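Architecture at a glance
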Amino acid sequence: MAQSETPARGEETNVLAHLDTTAMSGLYWYLALLACIGGFLFGYDTAVIGSVLDFIPYKLGDFWTGYLVAGASLGAAVGALAAGPLTDRFGRKSLLMADAGIYALGAILSALTINAAMLIASRTLIGLAVGADSAIATAYIAEFAPKGRRGQLSIIQQWMITVGILASYLIALLIFAVAPGHAQDLDWRLILGIGAVPAIVAVALRARMPESPRWLIQRGRYADTSDALAKLGVDVSEDDVRRTADEIEKAEAKQAEQRRRLWTPGVKRALAVVSVFFVFQQITGINVPFYYGPQLLGDLFKNPGDTAVHAAMAGLISAAILGAINVVATYFGFRWIDKVGRRPLALWGYAGMAVFMLVAAAGVAWLTGTPKVVVVMVGFSIFIASFAMGVGGTGWLLQGEVFPTAVRGRAAATGAGVNWIANFALISAFPAMQHAIGLPWVMVVLSMLSLLAIGFIAKFLPETKGLSVEEVVAVFDEQAAKSPVQTGAPRA
C-alpha cells in the first residue's frame, strides 16, 4: 500500500498536487501493470499472425495477405477513435474492462474460424480492442502516477507490448515443436486462440481497479474521488476534493474565452505533435520485422531441403531473438525516460534506427550464407533496440501526459487512431512494396523516414520530464502563443 499522506486539518489542499508528490509503492506498479495487460495482448495479437501466416489454409493475394496481417491495425484505428468520447463519458476503468472482453472474444473467434472472411473479421474485432486499449491505458496511468515516476509507469505499456510479441513467438515455437504434423489444422488455431486466456484474466482483475481520480473530480464525483485517492495512499476529505475542484474551475475561468470547449491552441498543437510522432513511429518500419519477421527471416535463413515447418521454426527462432532484444532494450528506456528525458531519447532512437536499417538492408542485398545472417540480425537487433529505448515508449507516454483531463480521452484516442492508420497503411502495403522494388530498397526508404523524424522532433517536440500533467499542457499553450519555452529543464 502507498504511504498515506494526510493534509493538516483546515489546510487549503490541492489534492492533485498531493497525488503528484505521493510516495511510490507496490500498488502503483500493480495498477500500471494491470492497465497495461492490454499492451501484452496488443503485442501478442498483432505479432502472432506472422507466426501462422504460412499455415492458414486460405488462398490470399497480396492485398488480402496484407490486410490479414494489418487488419487488426485498421480495427485499432476505429477502436481508438471510438474509445475517446466513451472513456471521457463513462470513465477509464469501464472501457479497460470492455476492451479485455473484446480481446477474448476476438481470439476465440479467430481460433474457431471457418473461412477467410471470418478470420479477417475476427482479426479486425481484436483490433477494436487493441486501439481502444492503446488510447486509454497510458491516459489512465498519467492520471494517477506521481509526476516524477509518470514516465516509468507509462512506459510499462511499451514494455508489455514487447513481452507480448516475444510470448507470441515462444508459444508458436512450442506448439509447432510439440505437434509439427498439425501445423495446417490444429496448431495455427491454438496459437491464435491462446490470446483469450490473459484477456479473460484481465477482465476479472480490472474490475477491482480504482477509477482515475482526475476523471472523477472532473465529473463532479467528489466522494468517489476521495475514495479513489485513499486507495492510492492519499487520504483527503470530500471537502478537500471540492476545494480542489473549485480551484481548477477558477483557474479555467480566468481563460474562459481562450479555453472555450477546452480545445485551446496549445491542446491542438499537442495533438498535432503527438499525431505526427505516431506517424513516424509506424512508417519507419518497426512492425515489419515483428509482423512479417517469422516469414521473412525463415525465407532468408532456411537451409536447402527444409520443410515449411522447419523454415517457420527457423524464422520464429530468429524473430524470438529480436523479440527478446526488444524486451531488454525497453527496460533501459523505462530506466532512462524520467532521467534523460523524452526528447533526447527519441532523437538518439531515430538516429540508431536510420543507421542500422541501412546495415540490415546491405546484408540482405549483398551478402549470402553466414555473413548475411550475422549482418541482418545485427542490423535488425540494433534497429529494434534503438526504437525500444528511445521511440516506442516515448510516443505512448506523450499521448498520456500532454492533454488536459477533460479532453484527454478524446485527444489520446485521436493520436492512437492516427498511429493505427499509419500502421495499417505500411503493413498492408508492405507485400506490394516488396514485390515492386525489393526488400533492400524498402528498407532504405524506411531509413530515410527515420531521418525525417529526427528533423521533426528537433523542431517541434519540447521536453516534458518532471512536469505535472497540468504543467505539460501549459508548455504547449506557450508554444502555441509563440512564447519562449524552456524545454531543457522542468518548470516550477
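Residues numbered from 1 in each chain as written. Predicted model: local features only at pLDDT ≥ 70, side-chain atom pairs only at ≥ 80, totals over all residues. Heavy atoms only, no water.

**Considering the overall build of the protein**
Convention followed: Note on conventions: DSSP H or I runs of at least 4 residues are helices, E runs of at least 2 residues are strands, and numbering of each starts at the N terminus. This radius of gyration counts C-alpha atoms alone. The globule rule is 2.2 Å times how many residues there are, raised to the power 0.38. The classification of residues rests on relative accessible area computed with a 1.4 Å probe and restricted to protein chains. Under 20% of the type maximum is buried, over 50% is exposed, and intermediate values are partly exposed. Areas reported here follow the Shrake-Rupley algorithm with a probe of radius 1.4 Å; residue values treat only the protein chains shown as occluding. Charge convention: Lys and Arg are scored as positive, Asp and Glu as negative, and His as well as the terminal groups of each chain are ignored. To locate a charge, the coordinates of NZ of Lys, CZ of Arg, CG of Asp or CD of Glu are taken.
Check the secondary structure of the protein and you find 22 helices and 0 strands. Computed over C-alpha atoms, the radius of gyration of the protein comes to 23 Å, within 12% of the 23 Å expected from 2.2 N^0.38 for 492 residues, which places it in the range of a compact globule. Counting over 492 residues, the protein shows a buried share of 58%. As presented, the protein carries roughly 18,600 Å² of accessible surface, and 65% of it is formed by carbon and sulfur atoms. If you average the places of the 37 positive and of the 34 negative side-chain charges in the protein, the two averages end up 4 Å apart.

**Things to note about the packing of aromatic side chains**
Within a pair of aromatic rings, the relevant descriptors are the distance that separates the centres and the angle that separates the planes. Filter applied, for reference: Only Phe, Tyr and Trp rings take part, Trp by its six-membered ring, and two of them pair if their centres are within 6.5 Å. Stacked means planes under 30 degrees apart, edge-to-face means over 60, and tilted covers everything else.
Per the counting criterion, the structure on display carries 16 aromatic pairs. Measuring from centroid to centroid gives 6.5 Å for phenylalanine 40 and tyrosine 44, while their planes differ by 20°, and the two rings are stacked. Placement of both phenylalanine 40 and tyrosine 44 in helix H3 (residues 37-52) is noted, with a separation of 4 residues, approximately one turn of the helix. In this structure tyrosine 44 comes out as buried when scored by relative accessible area, which is 1%. Ring centres of phenylalanine 456 and phenylalanine 460 lie 5.5 Å apart, and the angle between their planes is 35°; this geometry places the pair in the tilted category. One end of the pair is phenylalanine 456 and the other is phenylalanine 460, both in helix H21 (residues 439-460) and 4 residues apart, which spans about a single turn.

**Considering the environment of leucine 16**
The cut-off we apply is this: Residues count as neighbours in contact if any of their non-hydrogen atoms are within 4.5 Å of one another.
With respect to the helices and strands, the residue leucine 16 is situated in helix H1 (residues 15-21). Under the relative-accessibility criterion, leucine 16 is labelled buried at 6%. Those residues in contact with leucine 16, other than ones at most four positions away along the chain, are Arg214, Thr244, Ile248 and Glu470.

**Description of the packing of helix H2 (residues 26-35) against helix H6 (residues 116-142)**
Counted only if it meets this: For helices, the axis comes from a line fit to the C-alpha atoms of the stretch in contact; other axes are also lines fit to C-alpha atoms, and the angle between any two N-to-C directions lies between 0 and 180 degrees. Note that the term roughly parallel is reserved for angles under 35 degrees, roughly antiparallel for angles over 145, roughly perpendicular for angles of 65 to 115, and oblique for everything else. The residue classification treats Ala, Val, Leu, Ile, Met, Phe, Trp, Tyr, Cys and Pro as nonpolar and Asp, Glu, Lys and Arg as charged. All others, Gly included, are polar.
Packing of H2 against H6 leaves a shortest axis separation of 9 Å and a crossing angle of 170°. Put simply, H2 runs roughly antiparallel to H6. Every residue of H6 that contacts H2 at Leu31, Ala32 and Ala35 is listed here: Asp133, Ala137, Tyr140 and Ile141. Its residues placed into classes, the contact of H2 with H6 shows 6 nonpolar, no polar and 1 charged.

**Some remarks on helix H22 (residues 469-480)**
Convention followed: To estimate how far a helix should extend, the number of its residues minus one is multiplied by 1.5 Å.
In a regular helix each residue adds 1.5 Å, so 12 residues correspond to 16 Å; H22 covers 17 Å between its end C-alpha atoms and thus fits that length. Buried within H22 are the following residues: Val469, Glu471, Val472, Val473, Val475, Phe476, Asp477 and Gln479.

**Considerations on the pattern of salt bridges**
Quick reminder of the rule: For salt bridges, the criterion is a side-chain nitrogen of Lys or Arg within 4 Å of an Asp or Glu carboxyl oxygen.
Counted under the stated rule, the structure contains 9 salt bridges. One salt bridge connects arginine 92 with aspartate 88, and the closest N-O pair in it is separated by 3.1 Å. Since its relative accessible area comes to 1%, arginine 92 is described here as buried. Residue classification places aspartate 88 among the buried residues on the basis of a relative accessible area of 7%. Between arginine 243 and aspartate 240 there is a salt bridge; the shortest N-O distance is 2.3 Å. With arginine 243 and aspartate 240 both in helix H13 (residues 238-253), this residue pair falls 3 residues apart, about one helical turn. Under the relative-accessibility criterion, aspartate 240 is labelled buried at 9%. Here the residues in one salt-bridge network are Asp88, Arg92, Glu143 and Arg410, joined through shared partners.

**With respect to the side chain of serine 386**
We count it as follows: Definition of a polar contact: a pair of N or O atoms within 3.5 Å, with one able to donate and the other able to accept a hydrogen when the atoms are protein atoms, and with sequence-neighbouring residues admitted only if both atoms are side-chain atoms.
Structurally, serine 386 can be placed in helix H19 (residues 369-401). A relative accessible area of 10% places serine 386 in the buried class. A distance of 2.8 Å separates a polar side-chain atom of serine 386 from the backbone oxygen of isoleucine 382. Setting aside anything within four residues of it in sequence, one finds serine 386 in contact with Gly349, Gly352, Met353 and Val391.

**Quick notes on the packing of helix H18 (residues 342-366) against H21**
Helix packing geometry: the angle between the two helix axes and the distance between the axes. Threshold: A crossing counts as left-handed when the near helix is turned anticlockwise from the far one by less than a right angle, and as right-handed when that turn is clockwise.
Running from amino to carboxyl end, H18 crosses H21 at an angle of 165°, the nearest separation of the two axes being 8 Å. Judged by the inter-axis angle, H18 sits roughly antiparallel to H21. Once H18 is placed against H21, the crossing between them reads as left-handed. Residue composition of the contact of H18 with H21, by class: 23 nonpolar, 2 polar and 1 charged.

**Quick word on a nonpolar patch on the surface**
Stated formally: The residues that make up patches have over 30% relative accessible area and no salt bridge, and they are joined within 9 Å when like-charged or within 5 Å when they are Val, Leu, Ile, Met, Phe, Trp or Tyr.
Residues Leu33, Trp159, Val328, Tyr331, Phe332, Trp336 and Val340 make up a contiguous nonpolar surface patch of roughly 590 Å² in combined accessible area. Broken down by element, the nonpolar patch gets its largest block of residues, 4 residues, from helix H17 (residues 308-336). Following the sequence through the fold, leucine 33 ends up in helix H2. Relative accessible area serves as the criterion here: at 36%, leucine 33 is assigned to the partly exposed category.

**Some points on the side chain of aspartate 187**
Mapped onto the elements, aspartate 187 comes out in helix H9 (residues 183-193). Buried charge without a partner: aspartate 187 forms no salt bridge, and the closest opposite charge is arginine 189, 10 Å away. Polar contacts involving the side chain of aspartate 187 include one to the main-chain amide nitrogen of alanine 183, which spans 3.5 Å. In this view, aspartate 187 contacts Ile175, Phe176, Ala179, Pro180 and His182; residues no more than four positions away in its chain are not counted.

**Comments concerning the confidence of the model for the protein**
Filter applied, for reference: Per-residue confidence from the predictor is given as pLDDT, running between 0 and 100.
The predicted model of the protein averages 84 in pLDDT, with 91% of residues at 70 or higher. Below pLDDT 50 for its whole length, residues 484-492 participates in 15 contacts with residues either more than four positions away or in separate chains.

**Focus on the environment of valine 378**
Take valine 378: it is sitting in helix H19. Through-space distance from the C-alpha of valine 378 to that of leucine 322 is 9.5 Å; in sequence the pair is 56 residues apart.

**What about H21?**
For clarity, the cut-off: The arc refers to the directions leading from the helix axis to the C-beta atoms.
Helix length check: H21 (22 residues) gives 32 Å between terminal C-alpha atoms against 32 Å at 1.5 Å per residue, within 8%. Taken residue by residue, H21 has Leu439, Val442, Met443, Leu446, Ser447, Leu449, Ser450, Ala453, Phe456 and Ile457 as its buried positions. End-on view of H21: buried residues confined to an arc of 165°, all on one side of the axis. Away from its buried face, by an angle of more than 90 degrees, H21 presents the exposed residues Trp441, Leu452 and Lys459.

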